[in-house]
Amino acid sequence: MDASPDRPGPQGSALSRRTLLGAAALTVAASGTAYAAVNSPSSKGTSGSTGTSAGTSSAQRRAHTFLAAAMDAYPDHGDLRLTQSYTDQAGLFSTAFTYDNALAILAHLAVRTEAGRTRAVALGDALLYAQAHDPAYDDGRLRQAYNVGPYVFFDGVAQPDGFVRADGTANVGTQFGFTGTAVGDMAWAGIALSALARRTGARRFLDGAVRIGTWIEVNASTEQPLGGYKFGVDGANAKLPFSSTEHNTDLVCLFGRLALLTGDPVWRQRRARARAFVEKMWEPEGTAAGVPGGFFYTGTNDGETVNRSPIPEDTQTWTHLALNSRAQPSRYSRSLDWAATELAVLDRSDRTNSTVPAGQSYEGVTFSSASLLANEDAPIAEFQPKPDRNGVWFEGTAHLALALRDRAGHGDEARAHRLIASVERAQELLGTAQTVGSRALPERAGVVSASSPLDTGFGFGYYPYRHTGATAWYLLAATRTNPLRA
């Protein structure tokens, strides 16, 4: 969605899943995976159709309306398309992150309507097209992000193409440097394609997911002491040395699904390797600095030493969702209580640097332990605003709500309900008058990534821009859909 080696490095020097190797790591609010021809559904079958059912709540319908609008933002550039990740106001133009689009597929499938299925299939086919039409490689990789519509960059240079360039290649996000391939992004794309394979029975989606799993095995497996899988490659195809708890958690799901769908036992062996790494990151007792135990560390920078700070939220919630912690309630399920307590925030309009309108407040969780200690006197990055230590990360708040619902312990549903209500209130009131592809969004549609500018502690921030990833996670939480269960 981001910094464990998904946000590695000495404290403060990491790169995020969605900002891997890009200068825009300082700009983005924000893990995280050969067909000669791909047939995409006609835009007539998806444009203007949100894919919601009659029994869906108004808030959920508006969230789906946002995902539809972000997917249909560039109608003059063909039916083969991805979903723009952030509204135009974020300054990322038509960037479509692979991770966000994987989540959009899963959210569309969660609705269980024909229109939602049609949109999910169209996005899945676009990912397959990107696999088969990379401008430089034919090995099954996906890049961190793609462009899906034309724009003029800050330097005045025009980017004229849609998702498919004039030469037929996928339009990789080169202007921001989103050209690397991260294991987390690949894993989420594979999870989404495997979900499509199960839902549709179409072999092409399973084949695409297998290509992703194979790329990860070839390019990211390691025999270093902590084991598991490493981060991926940069835009120059150089392997990155970090290993991320979040990425390996994603692989527990992906490899587990590939084992079930293919019947090949090699995927169970790979799943066990990823899971073993995740379990080595567990801290049951607490730290010398007084941090209470019951959480997962972020990963390792060198394959030998655990990176003990900062401690991110998503390694607490995704581990529960992927490891089926209900089967071991005395162990890993404690990570949800840690996140809900140690990373809890309440953003009010009277907070330092808060951008919440007067009289409003939002509860939830922040990105990491470092977010609570952010320097409120300095910008998050160059040209960015100063952070609010109590800014709510709505994507993380949504997957905490989902994990609590999944655990279903005493008081979990009530706490999840409060968190979901906070996200729905944000959709109602924050991020007004924003656009995608210069087109006005439907009113009160789409969840902003953060209530106020938020410093993740890993070299990038989140801001109050409506966001495909946050909106998709909200829908998964609202529909009780666990995307990480094999």
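1. So, the sheet that holds strand E7 (residues 239-240)
Now for step 1: The sheet built from three strands is open, its strands ordered E5-E6-E7 with antiparallel pairing. What marks the edges here is a single partner per strand, and that holds for strand E5 (181-182) and E7.
Now for step 2: Note that strand E6 (residues 232-233) and E7 share two bridges and pair antiparallel. Across the sheet, the residue bridging to Val233 is Lys239, located in E7.

2. As for the packing of aromatic side chains
For any pair of aromatic rings, the description consists of the separation of the ring centres together with the inter-plane angle of the planes.
Now for step 1: Following the criterion strictly, the structure yields 33 aromatic pairs and no others.
Now for step 2: Ring centres 6.3 Å apart and planes at 35 degrees place the aromatic pair Tyr99 and Trp318 in the tilted group. Taken together, the residues Tyr99 in helix H2 (residues 98-110) and Trp318 in helix H8 (residues 314-323) connect sequence positions 219 residues apart.
Now for step 3: On the accessibility criterion, Tyr99 (0% relative accessible area) is buried.
Now for step 4: By relative accessible area, which is 0% here, Trp318 ends up buried.
Now for step 5: Residues Phe153 and Phe176 carry aromatic rings whose centres are separated by 5.2 Å and whose planes lie at 80 degrees to one another, so their mutual orientation is edge-to-face.

3. Notes on the sheet that holds strand E12 (residues 306-307)
Now for step 1: Taken in spatial order, the three strands of this open sheet run E8-E11-E12, and their pairing is antiparallel. Two strands in the sheet have a free side with no partner beyond their single neighbour: strand E8 (243-244) and E12.
Now for step 2: Judged from the two bridges that link them, E8 and strand E11 (residues 299-300) form a sheet pairing that is antiparallel. Following the sheet pairing, Ser244 is matched in E11 by Gly299.

4. A look at unusual backbone geometry
Now for step 1: Cis geometry is adopted by the peptide bond preceding Pro310, which originates at Ser309 and carries an omega value of -5 degrees.
Now for step 2: Positive phi values are uncommon outside glycine, yet Arg112 reaches one of about 60 degrees.
Now for step 3: Of note, Arg112 is situated in the loop between H2 and helix H3 (114-132).
Now for step 4: Classification of Arg112 as exposed rests on a relative accessible area of 64%.
Now for step 5: You will see that Phe383, though not glycine, has its phi angle at about 70 degrees, which is positive.
Now for step 6: The topology assignment puts Phe383 in the loop between strand E14 (361-365) and helix H10 (394-407).
Now for step 7: Overall, the relative accessible area of 75% leaves Phe383 in the exposed class.

5. Remarks on the pattern of salt bridges
Now for step 1: Taken as a whole and assessed by the stated rule, the structure comprises 24 salt bridges.
Now for step 2: Residue Arg143 is joined to Asp134 by a salt bridge in which the shortest nitrogen-to-oxygen separation is 2.8 Å.
Now for step 3: A relative accessible area of 9% means that Asp134 is categorised as buried.
Now for step 4: One salt bridge connects Asp139 with Arg141, and the closest N-O pair in it is separated by 2.8 Å.
Now for step 5: On the basis of relative accessibility, which here comes to 3%, the residue Arg141 falls in the buried class.
Now for step 6: Via salt bridges that share partners, Arg62, Glu428 and Arg444 belong to a single interconnected network.

Procedures and definitions
- Residues numbered from 1 in each chain as written.
- Predicted model: local features only at pLDDT ≥ 70, side-chain atom pairs only at ≥ 80, totals over all residues.
- Heavy atoms only, no water.
- Pairing = 2+ DSSP bridges.
- Helix = DSSP H or I, 4+ residues; strand = E, 2+ residues; numbered from the N terminus.
- Phe/Tyr/Trp six-rings, centres within 6.5 Å; stacked < 30°, edge-to-face > 60°.
- Buried < 20%, exposed > 50% of the residue type's maximum accessible area, 1.4 Å probe, protein only.
- Salt bridge = Lys/Arg side-chain N within 4 Å of Asp/Glu carboxyl O.

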